[in-house]
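Fold and contact review
Here is what each chain is made of, one letter per residue.
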There are 2 protein chains.
Amino acid sequence: MAVSPPPIPDFLPPLAGFRLAVASCGIKNGRRERDDLLLVEMAPETTVAGLFTRNRVQAAPVVLSRQRLAWGRARGLLVNSGNANAVTGEAGMRAALETSALAAHLIGADEHELFVASTGVIGTPLPVEQIVSEMPGMVDSLAAGGWERAARAIMTTDTFPKLASRECRIGAESVRIIGMTKGAGMIRPDMATMLAFLFTDADIASASLRTLLNRAVAGSFNAISVDGDQSTNDTMLLFASGRAGNGRVESADDPRLAEFAQALHAVCRELAQAIVRDGEGASKFVTLTVSGAAGDAEAKQVAMAIANSPLVKTALAGSDPNWGRILAAAGYAGVGFDPGALSLWLGEVLVVERGQLANTYEEARGAAVMAAAEIAIRLDLGGGAGTSTVWTCDLTHDYITINADYRT
Amino acid sequence: MAVSPPPIPDFLPPLAGFRLAVASCGIKNGRRERDDLLLVEMAPETTVAGLFTRNRVQAAPVVLSRQRLAWGRARGLLVNSGNANAVTGEAGMRAALETSALAAHLIGADEHELFVASTGVIGTPLPVEQIVSEMPGMVDSLAAGGWERAARAIMTTDTFPKLASRECRIGAESVRIIGMTKGAGMIRPDMATMLAFLFTDADIASASLRTLLNRAVAGSFNAISVDGDQSTNDTMLLFASGRAGNGRVESADDPRLAEFAQALHAVCRELAQAIVRDGEGASKFVTLTVSGAAGDAEAKQVAMAIANSPLVKTALAGSDPNWGRILAAAGYAGVGFDPGALSLWLGEVLVVERGQLANTYEEARGAAVMAAAEIAIRLDLGGGAGTSTVWTCDLTHDYITINADYRT
């Protein structure tokens, strides 16, 4: 059994102000079996906002892109898969500088307008020569569209490309957002995804982009968990080319942005859920809602403790309605509640009612819910109005197989 | 491959003031295939100290035993395996009260001198009748010694009984400590073990016992991790019968207790390590030392982040010297450090030196260290004098197999 991947959007149109190219450099092991390099060229005056991992150990491209965000402008994005360029010391930073400098030169941009991101194995030197030698040809092949091939080029252990798109209006103008992401393991909040790139033709100032991005991420990328591990490379960038001609919007709270903010949130949620659906080894997609907490933050803390519990995740893998483990995980979340006030539902089945096994509960009904590939779990703490929904997956034999020997 | 279990002490002598009995009640599934009930009778004037889970959801026996600790005296201990008597509501508390009342009555003790502990499945009613019907026969069969059979009776997914013992002196008198523990999953600090019972014939006031126990646990049971899950039933009790005749020691800082404190720590460390060695599905036993932190607490925080990382644990399972994952886990521990100052050793092999792959490092040497069943890992943060050692195991297919369908 496996979770169904979300449908890939049928046809994603070109987006004014963005041109893409991919290449196969053999970054991981020298074998040019798949695309592993993506270059996106952006129109002049493109604005940008970004979020990065909070890990103390940060890859060179994260350090570099974070610095460049201060300018608020972007002309290009260079992404490689197969090598994280993390814990690679000064040589790693030189590699990031060198490859991005060449990309900037080739598309006629300033170096600080070129953003970089890497994903893959930690601690192996980035094969700069292989990348550099492909770059002139990539610039020649830059073209509008080609989103799916781009989304495939940034994959590592992902089993399917992750794309989402929404169209909406800003004032009278129609604008579009197209997003892609990659990630399947090393996933936890505070920038859960390893890499996510969002592109829009809307015309929005970079400070406002930043606010919109923060708001969209709270209920999407920061509300998922696969394994509780946090990457050194998490990078999320939102680029706005302004080519829709909607007239620059300066404030994130401008009422003209209401529809755009909603669309951005929808794209982020769809991409974040796609990561969980593709969670390493995942056979279940779980929507976990905690209500009745003092506040939303407390609800989320309890939800994440449950979502990260190996015993809950293995019970999910075994289709075992082991509700005791769910309550036990809630109990160590570090949030105060009255165990006698807890109620728990598996799907529509009431399992625990005010701290005790519900009279109406039958194990067979709980087991039927847990046997499905898509499972909804709701825990009510019986306290305040705080609520939170997070998405997670199960912990299976395949997770072990994928990760016990990832590098060989 | 599997971790070798620690040797079971050849012959554990009877301990003055303690008599034991076990029985087979068919608690888990009605089939009387193994011992699942332990009764320990203690001499009058036995003192007691204890520690319990910090989980918000606490089993009835935890609530009851914690209350009874206030008296500081013990005459009996009743332990069952196969059923945790957790999340069982008022009926669960009645079951704990009823079984302990009968035990107290049969051995002629006050009810508040009878301690109870349970371990096993959560949320299933405790089969009180089965337990109660065995108890008179058990009281008749109480006898000195029988430690190994007792240690086997409290096992659940454990694959071997866990016992440790030390002899030492208090003043001129020789005293002994015998400890037993059970636990293999749902293991994390803040009472890592599910159940641990320590017995000594020393004569020590209960307040001092409490201090000694707290000190011994910090560097043993609270320094291990199997899966990061925390139980609803963790219970640790230390009983002192006083029958060694060393003359009551009132203060934990009495110099006469120096040897005893050391011996207690040694017993706790040996038992805690035995839990890790028997970690569900474990094929590796890992000693992880973090040094160079601002303080010991910071060092421990980093060590536990590494010990709990699923990606580190799966790399261990695959004998993959994936040192990048170790640094990445350190990076999200929430402790400040300079990534450029990190050094990492696998066994005696220097892998990372001041933030970069060591010039002398060869992958084959790292792989050789990781292939062993016992692995030492040391991470130096390059900062202060804080240091901490914790013990953990790998995350294997067998962990999934054991936990995906524990209840059936």
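Residues numbered from 1 in each chain as written. Chains lettered and ligands numbered in written order. Predicted model: local features only at pLDDT ≥ 70, side-chain atom pairs only at ≥ 80, totals over all residues. Heavy atoms only, no water.

Under an unreviewed UniProt entry, chain A has the name Arginine biosynthesis bifunctional protein ArgJ and belongs to Candidatus Magnetaquiglobus chichijimensis. Database annotation for chain A, UniProt heading Sequence similarities (unreviewed entry): "Belongs to the ArgJ family." UniProt annotates chain A under Subunit (unreviewed entry) with the comment "Heterotetramer of two alpha and two beta chains." (UniProt positions renumbered as here; feature names shortened; annotations may be inferred.)

1. Brief notes about the relation of the copies chain A and chain B
In screw terms, the move from chain A to chain B is a rotation of 180° and a rise of 0.0 Å along the axis, fitting with an RMSD of 0.0 Å. Here the symmetry operator amounts to a two-fold rotation axis. Residues of chain A ranked by C-alpha distance from the rotation axis are headed by His397(A), positioned 2.8 Å from it. Looking at the interface residues of chain A, 98% of them are also at the interface in chain B, so both copies use one shared face. (Least-squares fit on C-alpha atoms with pLDDT ≥ 70 in both. Contact = heavy atoms within 4.5 Å.)

2. Focus on helix H7 (residues 296-308) of chain B
The terminal C-alpha atoms of H7(B) lie 18 Å apart, and with 13 residues this matches the ideal 18 Å at 1.5 Å per residue to within 8%. Here the buried face of H7(B) lies against strand S8 (224-225), strand S10 (285-293), helix H8 (310-317), helix H9 (323-331), strand S14 (374-380) and strand S15 (386-393) of chain B. (Helix = DSSP H or I, 4+ residues; strand = E, 2+ residues; numbered from the N terminus. Expected span 1.5 Å × (residues − 1).)

3. Thoughts on the UniProt feature "binding site: substrate" (unreviewed entry) in chain A
All names here are of chain A. Under the feature "binding site: substrate" (unreviewed entry), the UniProt entry names Thr156, Lys182, Thr193, Glu280, Asn403 and Thr408. Counting through the fold element by element, Lys182 comes out in strand S6 (residues 173-182). Among the polar contacts listed, one links the side chain of Lys182 to the side chain of Thr156, at a separation of 2.8 Å. As for its position among the elements, Glu280 is in the loop between helix H6 (258-277) and strand S10 (285-293). Residue class for Glu280 comes out buried when judged on its relative accessible area of 7%. (Polar contact = N/O pair within 3.5 Å; in protein donor to acceptor, adjacent residues only side chain to side chain. Buried < 20%, exposed > 50% of the residue type's maximum accessible area, 1.4 Å probe, protein only.)

4. Remarks on the sheet that holds strand S13 (residues 356-357) of chain A
Residues and elements named next belong to chain A. One open sheet holds the seven strands; their spatial order is S8-S15-S10-S14-S11-S12-S13, and the pairing between them is mixed. Looking along the sheet, the strands with just one partner apiece sit at the ends: strand S8 (224-225) and S13. Two elements, strand S11 (residues 343-346) and strand S12 (residues 349-353), share three bridges in a ladder whose sense is antiparallel. Each bridged residue has a counterpart across the sheet, and for Leu346 the counterpart in S12 is Val349. (Pairing = 2+ DSSP bridges.)

5. Things to note about the packing of aromatic side chains
Under the definition given, this model contains eight aromatic pairs over all chains. On the basis of an interplanar angle of 75° and a centroid distance of 6.1 Å, the ring pair of Phe115(B) and Phe239(B) is categorised as edge-to-face. Here Phe115(B) is found in strand S4 (residues 114-121), whereas its partner Phe239(B) is found in strand S9 (residues 235-240), with 124 residues between them in sequence. Residue classification places Phe115(B) among the buried positions, given a relative accessible area of 0%. On the accessibility criterion, Phe239(B) (0% relative accessible area) is buried. Through a chain of ring-to-ring contacts, three or more aromatic side chains come together here, namely Phe18(A), Phe115(A), Trp147(A), Phe199(A) and Phe239(A). The ring centre of Phe285(A) lies 4.0 Å from the NZ or CZ of Arg277(A), which sits over that ring. Here Arg378(A) stacks its cationic end above the ring of Trp345(A), 4.1 Å away from the centre of that ring. (Phe/Tyr/Trp six-rings, centres within 6.5 Å; stacked < 30°, edge-to-face > 60°. Lys NZ or Arg CZ within 6 Å of the ring centre and 35° of its normal.)

6. Examining unusual backbone geometry
A positive phi angle, near 75°, is found at Glu45(A), a position not held by glycine. Turning to its location among the elements, Glu45(A) is positioned in strand S2 (residues 37-52). Exposure remark for Glu45(A): the relative accessible area of 48% places this residue in the partly exposed category. Phi angles above zero are rare outside glycine, and Arg354(B) is one such case at about 45°. Within the secondary structure, Arg354(B) is located in the loop between strand S12 (349-353) and strand S13 (356-357). Judged by relative accessible area, which is 58%, Arg354(B) ranks as exposed.

7. Quick notes on the environment of Thr392(B)
All names here are of chain B. In this structure, Thr392 sits in strand S15. The exposure class of Thr392 is buried, given its relative accessible area of 2%. C-alpha of Thr392 to C-alpha of Ala303: the two residues are 89 residues apart in sequence and 9.9 Å apart in space. Once residues within four sequence positions are removed from consideration, Thr392 is found in contact with Ser225, Val276, Lys284, Phe285, Val286, Ala307 and Lys313. Looking at Thr392, its side chain comes within polar contact range of the main-chain oxygen of Ser225, at 2.7 Å.

8. Digging into the pattern of salt bridges
Enumeration according to the criterion identifies 28 salt bridges over all chains in this entry. In this structure, Arg152(B) and Glu148(B) form a salt bridge, with 2.8 Å as the shortest nitrogen-oxygen distance. One end of the pair, Arg152(B), and the other, Glu148(B), are both in helix H4 (residues 147-153), four residues apart, so they sit about a helical turn from each other. Classification of Arg152(B) as partly exposed rests on a relative accessible area of 39%. The exposure class of Glu148(B) is partly exposed, given its relative accessible area of 31%. Members of the salt-bridge network, linked through shared partners, are Asp158(A), Lys162(A) and Asp278(A). (Salt bridge = Lys/Arg side-chain N within 4 Å of Asp/Glu carboxyl O.)

9. Details of the side chain of Arg277(B)
Along the chain, the position of Arg277(B) falls in helix H6 (residues 258-277). Sequence-distant contacts of Arg277(B), that is, excluding residues within four places in its chain, are made with Val3(B), Ser4(B), Pro6(B), Phe160(B), Ala282(B), Phe285(B) and Glu374(B).

10. Structural notes on the sheet that holds S10(B)
All names here are of chain B. On the basis of which strands lie adjacent, the open sheet formed by seven strands has the order S8-S15-S10-S14-S11-S12-S13 and mixed pairing. At either end of the open sheet lies a strand with only one pairing partner, and these are S8 and S13. Against the sheet, H6 touches S8, S10, S14 and S15, its axis set at about 45° to S15. Here helix H10 (residues 363-371) sits on the sheet and contacts strand S11 (343-346), S12 and S14; the angle it forms with S11, its principal contact strand, is near 60°. (Axes fitted to C-alpha atoms, helices over the stretch in contact; angles between N-to-C directions.)

11. Quick notes on the domain arrangement of chain A
Residues and elements named next belong to chain A. As far as domains go, chain A holds domain 1 (18-277) and domain 2 (285-404). The C-alpha-based centres of domain 1 and domain 2 are spaced at 33 Å. Summing the contributions of domain 1 and of domain 2, the shared interface buries around 1,200 Å²; its carbon and sulfur component is 59%. When the buried area of domain 1 at its contact with domain 2 is split by residue, Ser225, Val276 and Arg277 rank highest and sum to 37% of it. There are four residue pairs in polar contact (both at pLDDT 80 or more) connecting domain 1 and domain 2. (Domains from an automatic or database assignment. Buried area = accessible area lost by both parts, 1.4 Å probe.)

12. Considering helix H9 (residues 323-331) of chain A
With nine of nine residues buried, H9(A) lies mostly within the body of the structure. By the burial criterion, the buried members of H9(A) are Trp323(A), Gly324(A), Arg325(A), Ile326(A), Leu327(A), Ala328(A), Ala329(A), Ala330(A) and Gly331(A).

13. Section: the packing of helix H11 (residues 397-404) of chain A against helix H11 (residues 397-404) of chain B
Look at H11(A) against H11(B): their axes get within 9 Å of each other, and the N-to-C directions meet at 170°. If you check the angle between H11(A) and H11(B), you find them roughly antiparallel. Note on element contacts: H11(B) touches H11(A) through His397(B), Ile400(B) and Thr401(B), opposite His397(A), Ile400(A) and Thr401(A). Class assignment of the residues belonging to the contact of H11(A) with H11(B) gives a composition of two nonpolar, four polar and no charged. (Parallel < 35°, antiparallel > 145°, perpendicular 65-115°, else oblique. Nonpolar A, V, L, I, M, F, W, Y, C, P; charged D, E, K, R; others polar.)

14. Details of the interface of chain A and chain B
Taken residue by residue, the interface counts 53 residues in chain A and 52 residues in chain B. At the boundary of chain A with chain B, total buried surface from both sides reaches about 4,400 Å², with 58% on carbon and sulfur atoms. Applying the counting rule to chain A against chain B returns zero salt bridges. Across the chain A-chain B interface, the total number found is nine residue pairs in polar contact (both at pLDDT 80 or more). If you list the elements that add at least two residues to the side of chain A that touches chain B, you get helix H2 (89-107), helix H8 (310-317), H9, S13 and H11 of chain A. Tallied by class, the residues present in the side of chain A that touches chain B amount to 22 nonpolar, 20 polar and eleven charged.

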